[in-house]
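Examination of the molecular architecture
Listed here are the chains, written in short residue letters.
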Amino acid sequence: MGITSSPRRSGRPGAGGPLPSPSLVPSSRLVLATVAVDVPRGAQTYEGEIAARAQDALRAAAPGLHDPWTVERTVVRGLRSTLAGTARLPLGYLTRASPRSRAMAGLSLYPHDAVVHRTDLRLPPAPHREVLTIHDVAPWQFPDEGAPVRAATEEVRRAAAVICVSRYTAHEVAELFGIDEPHVVRHGVGQQFFDADRVPSAYVASLGVTGPYVLHAGGASQRKNLAALAEAWPAIRSARPDLGLVLTGQGHPERTRLFAGMPGTLLAGRVPPASVPGLVAGALAVVVPSLHEGFGLPALEAMAARTPVVAAATGALPEIVGDTGILVAPTARGLAEGVVFATSGDPAVDRMVVRARRRARWFTWERSALEHAKIWRSVR
């Protein structure tokens, strides 16, 4: 998978990319650059949580040092997009564009005196110091994850620092782009998941769910492995006839094809953000069958909410879940056995949940933002 024809470059601060002119005064201006989307997912949760804490984190990263930073957000939308944003760019064209064309777009998009943190490779590169977040390399591995950015290798190698959200992703990024392993800065989990009651919420009742249920929250692309979950469900239903399966997420033809009309399943669609913690906490288990995850936020949210996790032993999921969840083969048999055990009432599951909640408390957005701030300061 790796691109190894060129010398490896470091994903650490100060490596790769043109150095600023000595006449430039180090900037105290940070621009967080993102892409506007109509369906927020884990990446957008990350962007919002880090942006909300950036200013305080920059102060905390250098206590006693008086160098005020300004923090701005650049939200790029497509030329015909009706979404809110601060700039418009031909994102489809830029994905296929040459490094030179993308560099020219970046010159017009970002201020020249700023540290730019780009959280989506589709965005053009910044002209001077920039930090990149790479959540996963799914576009290079799965055909339904969007086209890979043509200029990605050159831009990743030129970045002042690269951040990945797990060691698993950092290793994949290092191999794919031929750089030393990047910084690993993991996501956090909101306090609302720790505070959620483990009883069916009013939102769950409004969906028509009247009995115990297992929850799958997330997308329906190939790597989410919903086909294996659909194959597993009849066996789970046979062992647990009273159990339902609630699947959330924007309507997707593959999810509909697999589950519409299947006994005991409910396609719940998009869930209001305020209702997500209650939905997670009220489940008997959260199942994450993915073949590939750069992090696995639904698993961490379940851990915080005292809900047993059944997760495929693939991608970054073992790294996040550790020994506090039920890790299974990403097959119908593995998923069925995992869900049946998770919902069995076995005391071992209860002990696992206690460990999971304790583990989840380590993953805070404040910790994540502070690590980001240290990197922003180091590349200024």
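Look a little higher up for the structure.
So, here is what we can say about the structure in this document. The written sequence of each chain sets the order in which its residues are numbered from 1. A pLDDT threshold of at least 70 governs which residues receive local features in this predicted model, and a stricter bar of 80 or more applies before side-chain atom pairs are shown or counted, although totals over entire chains, interfaces and linings include all residues. The side-chain values count all of the structure's non-hydrogen atoms but skip hydrogen atoms and water molecules.

Now for unusual backbone geometry. Here Asn225, not a glycine, exhibits a phi torsion of approximately 65 degrees, which is positive. Under the DSSP-based scheme used, a helix requires at least four consecutive residues in state H or I and a strand at least two consecutive residues in state E, with every element numbered from the N terminus. Within the element layout of this structure, Asn225 appears in the loop between strand 8 (213–217) and helix 8 (226–239). Note on classification: 1.4 Å probe, protein chains only; a residue is buried when its accessible area is under 20% of the maximum for its type, exposed when over 50%, partly exposed between these limits. By relative accessible area, which is 9% here, Asn225 ends up buried.

Should a side-chain nitrogen of Lys or Arg be within 4 Å of a carboxyl oxygen of Asp or Glu, the pair is scored as a salt bridge. All told, the structure shown has 19 salt bridges when counted by the stated rule. In this structure, Asp56 engages Arg59 in a salt bridge whose closest nitrogen and oxygen atoms are separated by 2.3 Å. You can see Asp56 and its partner Arg59 sitting in helix 1 (residues 42–60), three residues apart, about one turn around the helix. A salt bridge links Arg223 to Asp136; the shortest N-O distance between them is 3.6 Å. Note that Arg223 is positioned in the loop between strand 8 and helix 8 and Asp136 in the loop between strand 5 (130–134) and helix 4 (152–158), a separation of 87 residues in sequence.

Stacked, edge-to-face and tilted are the three classes for Phe, Tyr and Trp ring pairs, Trp counted by its six-membered ring, which pair at centre distances within 6.5 Å; planes under 30 degrees apart are stacked, over 60 edge-to-face, the rest tilted. Evaluation of the coordinates by the stated rule reveals three aromatic pairs. On the basis of an interplanar angle of 80 degrees and a centroid distance of 6.3 Å, the ring pair of Phe295 and Phe363 is categorised as edge-to-face. Within this pair, whereas Phe295 is found in the loop between strand 11 (285–288) and helix 11 (297–304), its partner Phe363 is found in the loop between helix 14 (347–360) and helix 15 (365–379), the two being separated by 68 residues in sequence. Residues Phe295 and Phe363 agree in their burial class; the two are buried. When the ring of Trp362 is compared with that of Phe363, the centres are 5.1 Å apart and the planes differ by 85 degrees; the resulting orientation is edge-to-face. One aromatic cluster is present, formed by Phe295, Trp362 and Phe363 through successive ring pairs.

To continue, consider the side chain of Thr133. Secondary-structure assignment places Thr133 in strand 5. For this analysis, a polar contact is any N or O atom pair within 3.5 Å, provided that within protein one partner can donate a hydrogen and the other can accept it, and provided that sequence-adjacent residues contribute only side-chain to side-chain pairs. In terms of polar contacts, Thr133 uses its side chain to reach the side chain of Tyr46, at 2.7 Å.

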